[in-house]
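Examination of the molecular architecture
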Amino acid sequence: MFLTITTTGTTQRPATDLGFLLHKHPDKAQAFSTSHGTAHVLYPEADEQRCTAALLLEVDPVALVRRGRGKGRGGAPDAALAQYVNDRPYAASSLLAVALSGVFSSALRGVCHARPELPGEERPLRIEVPALPARGGPDLVRRLFEPLGWTVTAEPVALDAEFPEWGDSRYVRLVLESEAVTLAEALRHLYVLLPVLDDAKHYWVSAEEVDKLLRAGEGWLPEHPEQKLITSRYLSRRWSLTRQAMERLELVRLAESDDSEVDELDNAVAAETEAEEKPTPLAVRRREAIVAALRESGAARVLDLGCGQGQLVQVLLKDARFTEIVGVDVSVRALTIAARRLKLDRMGERQASRVALRQGSLVYTDKRLKGYDAAVLSEVIEHLDLPRLPALEYAVFGAARPRTVLVTTPNVEYNVRWETLPAGHVRHRDHRFEWTRAQFGQWAQAVAERHGYDVEFRPVGPDDPEVGPPTQMAVFTLRTTTDNSENNNEKEATAA
Ligand code: SAH
């Protein structure tokens with residue numbers, strides 16, 4: 001079983017950083033014993049420009065059969081040769097996924113103590129798996145990896161190269177390529193999707209697997225169009241577990257956002273009548289609250305800071321009063337998906353002149369962000385480490401200084417109302433913190449004070465009498481010495 005990961009680099013960002021990210025030194029070949037054999041990590045090439053790490057798993061097929069029997073897999077233990085002669089040693093199956101998570105556990109979690117900034121950085125990656133068992137064939141391989149931003153090559157492998165007339169095997173040679181992806185994301189895609197394609201787990205699937213799936217799927221599974229197939233196959237079609245996972249994915253989806261909700265917005269009338277039977281997803285409500293507050297403020301030129309995959313930008317584009325909409329995000333991958341969602345390349349000239357997507361980090365002051373009417377930070381602050389928050393505060397309130405700033409963030413008090421959220425857990429693994437209403441209130445008041453804004457708070461979602469709403473929003477308005485009221489003509493003054 002074999003898998004290679006290749007990255008390219010420059011003098012400033014050498015490709016050999018891959019060694020830091022994987023926690024495996026490029027000059028050494030290392031071996032690790034895993035429960036099913038030995039995993040080797042070696043680097044066939046390693047220089048500034050190009051670095052490739054290979055993971056080779058040597059499986060002991062006899063031990064595998066014995067182990068399977070020991071666990072009481074059912075059926076009379078028979079010593080048929082077929083049990084010992086199987087594809088497991090060669091194919092990139094669920095065993096490879098388990099080895100991957102064992103050998104590269106820190107990389108998978110996105111941790112690098114030696115170089116803490118590295119795991120968050122996106123870089124070009126090429127992953128090759130020469131023999132991937134793929135139930136569903138190359139077509140399913142593409143349906144699984146393409147929505148995640150990968151360029152996919154999936155070639156069927158002939159049963160026997162010397163006898164092409166025998167047709168194709170159930171294996172494909174897989175190559176995944178991306179210009180910008182973090183290694184942790186890439187590993188988490190493989191960790192889930194290799195066993196999904198193999199569709200033959202070598203171990204008994206227990207309730208713990210639901211947690212593993214949701215953890216590895218964070219940030220991509222809730223948005224994946226093949227979410228149901230992935231969940232059901234990953235959990236070996238154990239329906240009760242699949243349902244649990246789907247329920248919890250729905251929770252994650254409520255806290256994030258989803259394509260289908262945008263479609264719902266498209267169809268405003270249908271959505272309104274439907275709303276009675278089915279509660280409107282929280283992400284939709286959040287966008288509605290943001291759009292309402294922007295309209296009230298009279299803003300025409302709007303920044304969506306930390307715009308992610310562009311859902312809010314898409315909604316704003318539908319309202320002509322917003323004459324310029326700029327989405328900013330640190331993630332190139334998110335921006336690529338946003339551009340695809342907005343169909344930027346096929347947009348008419350007029351529409352295209354209203355919108356721009358820019359890559360940039362909000363913890364650095366950026367001159368290009370000056371002169372806008374309003375800035376939105378929707379579910380962004382909780383993704384920053386607390387010590388970085390003052391830098392963002394300065395960049396937005398101190399330097400960019402739009403008249404209106406909208407900040408939304410989860411209200412942690414509400415978490416007890418999510419029935420399937422385990423106590424003490426945050427809603428998303430990448431959340432560095434979640435605040436109570438009091439904590440958010442204190443932060444926002446202090447920010448307003450320091451930078452000369454007024455601030456008021458609005459609930460988003462059902463406002464529970466005890467714990468408050470699921471999302472909290474702060475509306476900041478720049479204090480002006482001459483005119484302190486909501487001035488709808490302001491835009492004319494600033495648009496010039
Ligand atoms: N605003 C969107 C996305 C929220 S997820 C929504 O409401 O659905 C948080 C986003 O913030 C991610 O897309 C992440 O890439 C981005 N982000 C995190 N830290 C950032 C930083 N320092 N600069 C710019 N964007 C950042």
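Keep in mind that what you see is a predicted model, and the values were worked out from it rather than measured.

What follows deals with unusual backbone geometry. A positive phi angle, near 55°, is found at Lys-343, a position not held by glycine. Among the structural elements, Lys-343 can be located in the loop between α15 (332–342) and α16 (349–352). On the basis of relative accessibility, which here comes to 44%, the residue Lys-343 falls in the partly exposed class. In the Ramachandran plot, Arg-401 falls in the positive-phi region, its phi being about 50° despite a non-glycine side chain. By the element assignment, Arg-401 lies in the loop between α17 (389–400) and β12 (404–410).

The ligand sits among 15 residues. The nearest are Gly-306, Asp-329, Ser-361, Leu-362 and Ser-378. The contact in question runs from an oxygen atom of the ligand to an N or O atom on the side chain of Asp-329, over 2.6 Å. For the ligand, a nitrogen atom lies 3.2 Å from a polar atom in the side chain of Ser-361. Coverage of the ligand by the protein chains reaches 80% of its 570 Å² of free accessible surface. Taken together, the residues that form the shell around the ligand break down as five nonpolar, eight polar and two charged.

Let us look at the pattern of salt bridges. Applying the stated rule across the entire model yields 26 salt bridges. Across the pair Glu-296 and Arg-458 runs a salt bridge, and its minimum N-O distance is 3.0 Å. Taken together, the residues Glu-296 in helix α13 (residues 282–297) and Arg-458 in strand β13 (residues 453–460) connect sequence positions 162 residues apart. With relative accessibility at 39%, the residue Glu-296 sits in the partly exposed group. A salt bridge links Arg-479 to Glu-449; the shortest N-O distance between them is 3.8 Å. Of this pair, Arg-479 sits in the loop between β14 (471–478) and α19 (490–495) while Glu-449 sits in helix α18 (residues 437–451), and the two are 30 residues apart along the sequence. Among the residues examined, Arg-479 registers a relative accessible area of 35% and is labelled partly exposed. Through salt bridges that share partners, Arg-126, Glu-128, Glu-155, Arg-173 and Glu-177 make up one connected network.

Close contact between α17 and α18 brings their axes to 11 Å; oriented N to C, the two are set at 50°. Taken together, the axis directions place α17 and α18 in an arrangement best described as oblique. In this structure, the crossing between α17 and α18 has a hand that is right-handed. Here Leu-389, Glu-393, Phe-397 and Gly-398 of α17 lie close against α18, whose contacting residues are Trp-443, Val-447, Arg-450 and His-451. Here the residues of the contact of α17 with α18 are counted per class, giving four nonpolar, two polar and two charged.

Okay, the confidence of the model for the protein next. On average, the protein scores 82 in pLDDT, and the residues at 70 or more come to 80%. When the criterion is pLDDT under 50, residues 254–278 qualifies, and its contacts beyond four places in sequence or with other chains add up to 42 contacts. Scored below 50 in pLDDT, residues 483–496 makes 16 contacts in the model with residues more than four places away or belonging to other chains.

The next thing to look at is the nonpolar core. Across soluble globular proteins, nonpolar side chains show a tendency to be buried alongside one another. By size, the foremost hydrophobic cluster in this structure holds 64 residues, and its most contacted members are Phe-145, Trp-150 and Val-192. A per-element tally of this core places helix α7 (residues 183–198) first, with ten residues. When neighbours within four sequence positions are excluded, Val-192 is seen to be in contact with Leu-213, Ala-216, Trp-220, Ile-230 and Tyr-234. Leu-303, Phe-440, Val-455 and Phe-476 belong to the second-largest nonpolar core, a separate cluster that totals 32 residues.

The next subject is the packing of α7 against helix α9 (residues 227–234). Packing of α7 against α9 brings their axes to within 9 Å, and their N-to-C directions diverge by 75°. Compared by their axis directions, α7 and α9 come out roughly perpendicular. Contacts between α7 and α9 involve Tyr-191, Val-192, Leu-193, Pro-195, Val-196 and Leu-197 from the former and Leu-229, Ile-230, Arg-233 and Tyr-234 from the latter. Considering only residue class, the contact of α7 with α9 consists of nine nonpolar, no polar and one charged.

Another point: the side chain of Thr-471. Structurally, Thr-471 can be placed in strand β14. Classification of Thr-471 by relative accessible area gives buried; the value is 0%. Sequence-distant contacts of Thr-471, defined by excluding residues within four places in its chain, comprise Leu-282, Arg-286, Glu-379, Thr-408, Thr-409, Asn-411, Arg-458, Pro-459 and Val-460.

Moving on, we come to the packing of aromatic side chains. Tallying each qualifying case throughout the model produces eight aromatic pairs. Between Phe-433 and Trp-435, the ring centres sit 4.5 Å apart and the planes meet at 35°, which makes this aromatic pair tilted. We note that Phe-433, like Trp-435, is buried. Grouping aromatic residues by their ring pairs yields a cluster made of Phe-433, Trp-435, Phe-440, Trp-443 and Phe-457.

Strand order in the open sheet formed by seven strands is β2-β3-β4-β1-β5-β7-β6, and the pairing between neighbours is antiparallel. Either end of the sheet is taken by a strand with one partner, and the two such strands are β2 (30–34) and β6 (151–158). Each neighbouring strand pair of the sheet contributes to a mean axis angle of 15°, computed without reference to strand direction. Two strands pair when backbone bridges link them, and strand β1 (residues 2–8) and strand β5 (residues 123–133) are joined in this way by four bridges, in the antiparallel orientation. For Ile-5, the partnering residue across the bridge sits in β5 and is Ile-127.

Reading guide: rules and limits
Residue numbers restart at each chain and count upward from 1, following the sequence in its written direction. Restriction of local features to residues with pLDDT of at least 70 applies here, the model being predicted, together with a cutoff of 80 or more for giving and counting side-chain atom pairs; totals for whole chains, interfaces and linings are based on all residues. Working from all heavy atoms in the structure, the side-chain values ignore hydrogens and water. Elements are defined by DSSP. Helices are runs of H or I of four residues or more, strands are runs of E of two residues or more, and each kind is numbered from the N terminus. Partly exposed residues are those whose accessible area sits between 20% and 50% of the maximum for their type, while under 20% is buried and over 50% is exposed, using a 1.4 Å probe and protein chains only. Summary of the distance rule: residues count as near a molecule or strand when at least one heavy atom falls within 4 Å of that molecule or strand. Whenever two N or O atoms come within 3.5 Å, that pair is a polar contact, provided that in protein one can donate a hydrogen and the other can accept it, and provided that, for residues adjacent in sequence, both atoms are side-chain atoms. Here the Shrake-Rupley method, with its probe set to 1.4 Å, supplies the accessible areas, and only the displayed protein chains count as covering residues. Under the scheme applied here, ten amino acids are nonpolar (Ala, Val, Leu, Ile, Met, Phe, Trp, Tyr, Cys and Pro), four are charged (Asp, Glu, Lys and Arg), and all others, including Gly, are polar. Here, a salt bridge means any Lys or Arg side-chain nitrogen found within 4 Å of an Asp or Glu carboxyl oxygen. To define axes, lines are fitted to C-alpha atoms, for helices over the stretch in contact only, and angles between the resulting N-to-C directions are given on a 0 to 180 degree scale. Convention used here: angles under 35 degrees read as roughly parallel, angles over 145 as roughly antiparallel, angles from 65 to 115 as roughly perpendicular, and any remaining angle as oblique. The handedness criterion is simple: a crossing whose near helix is rotated anticlockwise from the far helix by less than a right angle is left-handed, and one whose near helix is rotated clockwise is right-handed. The contact definition used throughout considers only heavy atoms, calling two residues in contact when any of these lie within 4.5 Å. Residue-level confidence of the predictor is what pLDDT reports, using numbers from 0 through 100. Only buried residues count toward a nonpolar core, which is a set of Ala, Val, Leu, Ile, Met, Phe, Trp, Tyr and Cys residues joined through side-chain atoms within 4.5 Å. Within 6.5 Å between ring centres, the rings of Phe, Tyr and Trp (the latter by its six-membered ring) count as paired, and their orientation is classed by plane angle as stacked under 30 degrees, edge-to-face over 60, tilted in between. Two strands are said to pair when DSSP picks up at least two bridges between them.

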